[in-house]
Amino acid sequence: MIRTYAAIVLKAVPYAEGGAVVSFLSEHGERMAGVAKGVKKPTAKWVAAFEPLGMVRVSFFGKEHAELKRITRCELAFSPLTLGHLESSLVMACLADLFDRVSREGVEDDRLYRLLSACGRALKADPDNALGILAYAEHWLLHCMGLLPHPRVCGRCGNDTAPLALLSPDRGWCCTACTPVDPQEALPAGSREHLRRLRTGGAEVAPRVTPADDAQQAVTALLRARLLQELGGALRSYDVLWRTV
Ligand SMILES: [Zn+2]
């Protein structure tokens, strides 16, 4: 039987005779994959349909529990790509990599689809803020994975005014009132406020990367390290991004 979904393309891996195994994030937030058979002369339209982060309507053919279904149609509805904008393209590859790891077959989480489609639209509208959008996505992915406690109150003492000192694996965000840390190692002033900006704004207003903003730099590095650790280490797409920007 054939089923059609609204979905976002994640990754396409080459497969026998010019074909590809393509993974998608369905509109219900479930990871899906299928085989696209090779074509003798790939058209621009065919290639564009499988670019990472493209929003598509994709049809699968195959038995309900077949290991790999066949992709019979894939039509691009929206592309976040800005031609000639390298940084934005590299960030798209990072996002595709992240969501390919975090989403699961047979597990629906529609927050993932909402997050990735919002990031795609924000990238199209403002490709110059690609790195800010990546940091925004990392923050919300950690939240979706249940690994990011709310920063409003200290997870150890409940204080809601003292600056945040660190993120503990067991207690969440801990404040300077209860957690003595070397000032060199504590989170910079303004970290809670930066977390609040990430929580309250949409992807289209993701904070711009500002090298002079110590709180932003520290929070981004901390959350990125936590996420990549959870996903089993560095991703190739990230290596390419850091070599380039
Ligand atoms: Zn505290």
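Rules of the game
Residues numbered from 1 in each chain as written. Predicted model: local features only at pLDDT ≥ 70, side-chain atom pairs only at ≥ 80, totals over all residues. Heavy atoms only, no water. Phe/Tyr/Trp six-rings, centres within 6.5 Å; stacked < 30°, edge-to-face > 60°. Helix = DSSP H or I, 4+ residues; strand = E, 2+ residues; numbered from the N terminus. Buried < 20%, exposed > 50% of the residue type's maximum accessible area, 1.4 Å probe, protein only. Lys NZ or Arg CZ within 6 Å of the ring centre and 35° of its normal. Domains from an automatic or database assignment. Contact = heavy atoms within 4.5 Å. Buried area = accessible area lost by both parts, 1.4 Å probe. Salt bridge = Lys/Arg side-chain N within 4 Å of Asp/Glu carboxyl O. Polar contact = N/O pair within 3.5 Å; in protein donor to acceptor, adjacent residues only side chain to side chain. Donors = N, O, S within 2.8 Å, 3.2 Å for Na, K, Ca; no water. Tetrahedral: all angles 85-135°; square planar, octahedral: opposite > 155°, others 65-115°.

Caption draft 1: Summary view of the packing of aromatic side chains. Applying the stated criterion across every chain yields a total of 3 aromatic pairs. Pairing Tyr5 with Phe60 gives two aromatic rings, centres 5.9 Å apart and planes at 65°, and the pair type is edge-to-face. With Tyr5 in strand β1 (residues 2–15) and Phe60 in strand β4 (residues 55–61), this pair connects stretches of sequence that are 55 residues apart. Accessibility expressed as a relative area gives 4% for Phe60, which makes it buried. Note on Phe24 and Phe60: the rings are 5.7 Å apart at their centroids and 90° apart in plane angle, and the pair reads as edge-to-face. Residue Phe24 is located in strand β2 (residues 19–26), and its partner Phe60 is located in strand β4; the two are separated by 36 residues in the primary sequence. Comparing Phe24 with Phe60 shows no difference in burial state: the two are buried. Among the aromatic residues, ring-to-ring pairing joins Tyr5, Phe24 and Phe60 into one connected group. Lying across the ring of Phe78, Arg121 places its NZ or CZ 4.5 Å from the centre.

Caption draft 2: The arrangement of the domain arrangement of the protein chain in detail. Per the domain assignment, the segments of the protein chain are domain 1 (1–79) and domain 2 (82–245). On a C-alpha basis, the centroid separation for the pair domain 1 and domain 2 is 29 Å. Residue-level contacts link 18 residues of domain 1 with 22 residues of domain 2. Between domain 1 and domain 2 the total buried area reaches about 1800 Å² when both faces are included, carbon and sulfur atoms providing 63% of it. The tally of links between domain 1 and domain 2 comes to 3 salt bridges. In this structure, Glu105 and Arg31 form a salt bridge, with 2.4 Å as the shortest nitrogen-oxygen distance. Taken together, the connections running from domain 1 to domain 2 amount to 10 residue pairs in polar contact (both at pLDDT 80 or more). Broken down by secondary-structure element, the contributors of at least two residues to the side of domain 1 that touches domain 2 are β1 and β2. When residues in the side of domain 1 that touches domain 2 are grouped by element, the largest group, 5 residues, is from β1.

Caption draft 3: Highlighting the coordination of the zinc ion. Around the zinc ion, the protein supplies Cys154 (SG), Cys157 (SG), Cys175 (SG) and Cys178 (SG) as donor atoms, at distances of 2.3 to 2.4 Å. Here the zinc ion binds 4 donor atoms, and the angle range of 101 to 118° at the metal identifies the geometry as tetrahedral. Each donor residue of the zinc ion lies on the same chain, and together they follow the pattern C-x2-C-x17-C-x2-C. Note that Cys154 is positioned in the loop between α4 (130–144) and β6 (164–168) and Cys178 in the loop between β7 (172–175) and α5 (191–200), a separation of 24 residues in sequence. With relative accessibility at 26%, the residue Cys178 sits in the partly exposed group.

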